[in-house]
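# Chains, contacts and geometry: an overview
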Amino acid sequence: MSILKIARMGHPVLRTQAQALDRAALRSSAVQKLIDDMVETMTEYRGVGLAAPQVHEELRIFVALLDADEDDDDNRPAVVAVNPEIVPAGTEMVEGWEGCLSIPDIRGRVPRARAITLRALNRKGERIEIPLQDFPARVVQHETDHLDGVLFFDRMRSFESMTFLDEYARFWAKD
């Protein structure tokens, strides 16, 4: 496995609509290796999610740590979502802090649906459907946005909350 280079804000791949995969392409050794490398890269950079465009691949894949009950990120299994679809569960929106490996050291408050259902294929090409709420739902919405060329600050209501990570830790982390 390999640690992949993260695309940073400004790279055109982050603003490109990613391409769906069919089951045959998903089963290829190249895509399976990409998935393994994405999980390793996400873990290395201590992220909770990583979308293929963030590692310069225009494919509709993301990996994420969605088990909110686990404290040890290194031993949490990553969910692999291929061709994900998000179905809102209700109308409640909540604003919460987000950061991004492609926009290092910046945080901002982003409104998101509080509860969703994630529908996707897993890495074996099997259909999965996972109900999520709160932080795990936020992670899935953030990563799915990457597959559509959307960055978290595109969803912010205002830039007043945008802050560097150091200042977030000093003044806002209690929120």
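As the structure is a prediction and not an experimental result, all values here were calculated from the model. (Residues numbered from 1 in each chain as written. Predicted model: local features only at pLDDT ≥ 70, side-chain atom pairs only at ≥ 80, totals over all residues. Heavy atoms only, no water.)

## A closer look at the pattern of salt bridges
Per the stated rule, a full pass over the model turns up 13 salt bridges. Between Asp36 and Arg123 there is a salt bridge, and its shortest N-O distance comes to 2.9 Å. A residue pair is termed long-range when its members are at least 10 positions apart, and Asp36 in helix 2 (residues 29-44) and Arg123 in the loop between strand 6 (115-121) and strand 7 (127-133) qualify at 87 residues. For Asp36, a relative accessible area of 28% gives the class partly exposed. The partner of Glu129 in a salt bridge is Arg119, with the nearest N and O atoms 3.2 Å apart. With Glu129 in strand 7 and Arg119 in strand 6, the pair connects residues that are ten residues apart, well separated along the chain. Residue classification places Arg119 among the partly exposed residues on the basis of a relative accessible area of 32%. (Salt bridge = Lys/Arg side-chain N within 4 Å of Asp/Glu carboxyl O. Helix = DSSP H or I, 4+ residues; strand = E, 2+ residues; numbered from the N terminus. Buried < 20%, exposed > 50% of the residue type's maximum accessible area, 1.4 Å probe, protein only.)

## With respect to the pairing of strand 6
A regular strand carries its side chains on alternate faces of the sheet. Of all the seven residues making up strand 6, six are buried; the element is thus mostly covered by neighbouring parts of the structure. Judged from the five bridges that link them, strand 3 (residues 79-88) and strand 6 form a sheet pairing that is antiparallel. Residue pairing in the sheet places Pro88 in a bridge with Ile116 of strand 6. Strand direction decides the pairing type here: strand 6 and strand 7, joined by seven bridges, are antiparallel. (Pairing = 2+ DSSP bridges.)

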